[in-house]
Amino acid sequence: GQVPYFGVVGDFVDILKNDVVGGTKAVWMIVQAWGAVTEKEIRFQSYQAIIHGATGIFFWHAGGTWSLVMPDAQNVAQELIDLQLLITAHTIPSSITTTPGIETMVKELNGNYFIITVNRLNTIVNAQFDLASLGITSNGGIGVINEGRYRTMINGVFSDTFSAFDTNIYQI
């Protein structure tokens with residue numbers, strides 16, 4: 001079958017937030033959790049919706065494969081629950097310079113910056129992030145939440161490779 005293009009989830013959130021409710025009401029995004037969708041795709045849809053301003057996530061299932069998709073949707077839901085303090089923390093208006101196709105949201109929690117990122121493209125992207133807009137021009141390690149790996153930051157710039165529809169959360 002064809003791979004669905006999930007990269008438009010954020011576009012739909014923008015339309016709902018800006019054109020439908022005019023920024024005056026909460027926007028819940030319905031995330032596809034049916035068919036041949038993978039946990040990675042459910043995760044991507046959820047975080048892209050959050051980056052674009054969704055205030056709630058609802059998992060939608062239609063068809064007879066719920067028993068196959070349910071564990072993946074539950075894993076993503078549990079991750080969102082585990083990270084709820086981060087997700088609902090203060091959003092820093094930022095213009096982080098990054099590679100086309102990569103979308104970001106900066107959060108501040110307990111004196112730390114976190115960058116929620118997604119690759120909206122159905123292709124590999126070698127992304128670079130410049131944190132100068134946050135006043136960060138130092139060297140150091142960047143932790144990747146829930147992945148047990150680190151990126152090296154030099155002069156406030158770090159890079160990472162994203163596969164199609166990848167999601168990463170960095171702790172500065």
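This is a predicted model, so every value here is computed, not measured. (Residues numbered from 1 in each chain as written. Predicted model: local features only at pLDDT ≥ 70, side-chain atom pairs only at ≥ 80, totals over all residues. Heavy atoms only, no water.)

Undergrad: I would appreciate a short explanation of the pairing of strand β10 (residues 167–171) in the present structure.
TA: Looking along a regular strand, one sees the side chains alternate between the two faces of the sheet. By the criterion of burial, β10 is predominantly enclosed, with four of the five residues buried. Direction of pairing for strand β7 (residues 140–144) relative to β10: antiparallel, over a ladder of two bridges. Following the sheet pairing, G143 is matched in β10 by Q171. (Buried < 20%, exposed > 50% of the residue type's maximum accessible area, 1.4 Å probe, protein only. Helix = DSSP H or I, 4+ residues; strand = E, 2+ residues; numbered from the N terminus. Pairing = 2+ DSSP bridges.)

Undergrad: Quick question: what am I supposed to make of the pairing of strand β5 (residues 112–119) here?
TA: Most of β5 sits inside the fold, with six of its eight residues counted as buried. Pairing between strand β4 (residues 102–109) and β5: eight bridges, direction antiparallel. Note on β5: the bridge partner recorded for E108 is Y113. In this antiparallel pair of consecutive strands, β4 and β5, the connection spans two residues, and N110 shows a positive phi of 55°. Two strands pair when backbone bridges link them, and β5 and β10 are joined in this way by five bridges, in the antiparallel orientation.

Undergrad: I would appreciate a short explanation of the pattern of salt bridges in the present structure.
TA: Where charged atoms from two side chains of opposite charge approach closely, those side chains can pair. With the rule as written, the count across this model stands at seven salt bridges. A salt bridge links R120 to D11, with the shortest nitrogen-to-oxygen separation between them at 2.8 Å. With R120 in the loop between β5 and β6 (125–130) and D11 in helix α1 (residues 9–20), this pair connects stretches of sequence that are 109 residues apart. Note on D11: relative accessible area 27%, which makes it partly exposed. Across the salt bridge formed by E103 and R120, the nearest N and O atoms sit 2.8 Å from each other. With E103 in strand β4 and R120 in the loop between β5 and β6, the pair connects residues that are 17 residues apart, well separated along the chain. With relative accessibility at 12%, the residue E103 sits in the buried group. (Salt bridge = Lys/Arg side-chain N within 4 Å of Asp/Glu carboxyl O.)

Undergrad: It is not clear to me how the nonpolar core should be interpreted in this structure. Could you clarify?
TA: Nonpolar side chains tend toward joint burial in soluble globular proteins. Core analysis: the biggest nonpolar cluster contains 30 residues, and I42 and Y47 have the highest contact counts within it. Counting only elements with at least two residues in this core, the list comes to α1, β1 (28–32), α2 (39–51), α3 (66–82), α4 (84–87) and β5. Among the nonpolar cores identified, the runner-up in size contains 17 residues, and L131, I142, M153 and F158 belong to it. (Core = buried A, V, L, I, M, F, W, Y, C linked by side-chain atoms within 4.5 Å.)

Undergrad: What's the story with the packing of aromatic side chains in this structure? I'm lost.
TA: Any aromatic ring pair is given by two values, namely how distant the centres are and how the planes are angled relative to each other. Under the defined criterion, the tally for this structure stands at five aromatic pairs. On the numbers, 4.8 Å between centres and 20° between planes, the contact of F129 with F158 is stacked. With F129 in strand β6 and F158 in strand β9 (residues 157–162), the pair connects residues that are 29 residues apart, well separated along the chain. Taking relative accessible area as the criterion, F129 reaches 0% and is therefore assigned buried. Relative to F162, the ring of F129 has its centre 6.2 Å away and its plane inclined at 50°; by these criteria the two rings are tilted. One end of the pair, F129, is in strand β6; the other, F162, is in strand β9, and 33 residues separate them in sequence. Linked through ring pairs, F129, F158, F162 and Y170 together constitute an aromatic cluster. (Phe/Tyr/Trp six-rings, centres within 6.5 Å; stacked < 30°, edge-to-face > 60°.)

Undergrad: Can you walk me through the sheet that holds β7 in this structure?
TA: Strands belonging to one sheet form pairs held by backbone hydrogen bonds; the direction of such a pair is parallel or antiparallel. Read across the open sheet, the six strands follow the order β3-β4-β5-β10-β7-β8; overall the sheet is antiparallel. Looking along the sheet, the strands with just one partner apiece sit at the ends: β3 (90–92) and β8 (149–153). Between one strand and the next, the sheet's axes are offset by a mean angle of 35°, whatever the strand orientation. The sheet contact formed by β7 and β8 spans five bridges and is antiparallel. Looking at the pairing, G140 lines up with M153 of β8. Contacts between α2 and the sheet are confined to β4, β5 and β10, with β5 contributing the most and set at about 120° to the helix. (Axes fitted to C-alpha atoms, helices over the stretch in contact; angles between N-to-C directions. Contact = heavy atoms within 4.5 Å.)

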